[in-house]
Amino acid sequence: MPTSAELHERRMAAVPRGVAHATSIYAKRAKNAELWSEDGKRYIDFASGIAVVNTGHQHPKVVAAIEAQLKAFSHACFQVTPYESYVRLAERLNAIAPVPRPAKTILLSTGAEAVENAVKVARAHTGRPGIVSFSGGFHGRTLMAMALTGKVVPYKKGFGPFPADVYNVEFPNTYHGVSSEQSLDALRALFKYTADPSSIAAIIIEPVQGEGGFYIAPFDFLRALRALCDEHGILLIADEIQTGFARTGKMFGLEHSGIKADVVTLAKGLGGGLPLSAVTGRADVMDASNPGGLGGTYAGNPVACAAAHAVLDAIEEERLCERAQAIGKIIVDRCNEIKSRSNLNCIGDVRGLGAMCAVELVKDNASAEPAPQLTQTVMKVANEKGLILLSCGTYGNVIRFLVPLTAGDDIVRDGMDIFEASLTEAVTRVA
């Protein structure tokens, strides 16, 4: 069998360099919160395939549902010969998504595809072209999704020009000195100087920024944003692609603020490892598009639908929202304990909502200067010690923790032990 090193050499020759590689670990098998490489080394997985396997690798219910569906049929194209599992999944999402009732859902394949279609339905419903997004936000790598994404490198550099009528304003980020009121002022200035609000179809926001650094949108800000949208007839789109399906301690991140969006985009944790996404929204918004205007050959694949039903069952039966809160407490408490130690002056901020947690690494707390080199070194050392981590953030200095919600306390604590040891060693290496 090939080693990870041999596979990496083949990958570099066969796969474009634009496809990032967070690690050089080549997966051979995985179970719950553990993964084994082609070299036979065991790793604790604190990445979950970027928040995809919230229900853990190879969850028995998900595997059984996939196997059963494969024995029936693997593809039919919903627009040609529809099937019950798509309809039932739409019904289930309509019932739980944080949008007003009645609601309707279209199933798709990827998060970026969900974002593209959310923009389409918003424009079709309002008859307006403009879309507003936020700095640091990430909404995907297709053309409209890139235009909405609030980070140039690596997502936008060299890929322009981008679609018109897209506006980006500051996200409220208290750690970096941007208050909710300052962000709202930026929106009001946009409406006064650049784009009349009557031309804006929708504002899109992540309840917790993903790639942007795991910054939590203040709940008062989300409520003010909802009021601003209502004032001007603008739709609010909540991008729940990374925050959805129990990750934040509630089924959806927006629920913490007590408001509803007009449209939500869903993906990642929905399919339990299979490509599946959705747009769920107010029925009048979702019905604005002409027949044939929405859809896709693989959209709502029946095998992925079967997996999604198993995921929703597991979240409910295993009380994974509560489990996310318990996991998050272990991680945040441990990170705050590490931060309090005088010999480690490199954790600038610890934050988390449920099990969507992060630490922001700095050169020292006095200057709060981002420490991307230290961040990359921590990840490298963690890999050496048997832990898979991901970074994020505009400055590349945030380490995010995305533990499968089915992980036991022991394995979460073992992973945090490795993280602490890796951070301590990385500080020495970088010094």
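Heads up: these notes are all about the structure in this document. (Residues numbered from 1 in each chain as written. Predicted model: local features only at pLDDT ≥ 70, side-chain atom pairs only at ≥ 80, totals over all residues. Heavy atoms only, no water.)

Core analysis: the largest hydrophobic core is formed by 138 residues, its most contacted members being Leu 389, Phe 401 and Phe 419. Looking at this core element by element, the count peaks at 10 residues for helix α10 (residues 302–317). When near neighbours in sequence (up to four residues on either side) are disregarded, Phe 419 contacts Cys 335, Ile 338, Val 359, Val 378, Leu 387, Leu 389, Ile 399 and Phe 401. (Core = buried A, V, L, I, M, F, W, Y, C linked by side-chain atoms within 4.5 Å. Buried < 20%, exposed > 50% of the residue type's maximum accessible area, 1.4 Å probe, protein only. Helix = DSSP H or I, 4+ residues; strand = E, 2+ residues; numbered from the N terminus. Contact = heavy atoms within 4.5 Å.)

Our next topic: unusual backbone geometry. For the bond running from Val 153 to Pro 154, omega is 5 degrees, close enough to zero to count as cis. If you trace the backbone, Pro 154 turns up in the loop between α6 (143–148) and β6 (166–169). Residue Pro 161 follows Gly 160 across a cis peptide bond; omega there is 5 degrees. Within the secondary structure, Pro 161 sits in the loop between α6 and β6. Despite not being glycine, Ala 368 has its phi angle at roughly 55 degrees, a positive value. By the element assignment, Ala 368 lies in the loop between β12 (356–361) and α12 (372–385). Under the relative-accessibility criterion, Ala 368 is labelled partly exposed at 30%.

Quick look at the side chain of Asp 349 now. Counting through the fold element by element, Asp 349 comes out in strand β11 (residues 347–353). Within the structure, the side chain of Asp 349 is placed 2.7 Å from the side chain of Arg 351, a separation counted as a polar contact. If sequence neighbours within four positions are ignored, Asp 349 has contacts with Tyr 175, Lys 339, Ala 358, Val 359 and Glu 360. (Polar contact = N/O pair within 3.5 Å; in protein donor to acceptor, adjacent residues only side chain to side chain.)

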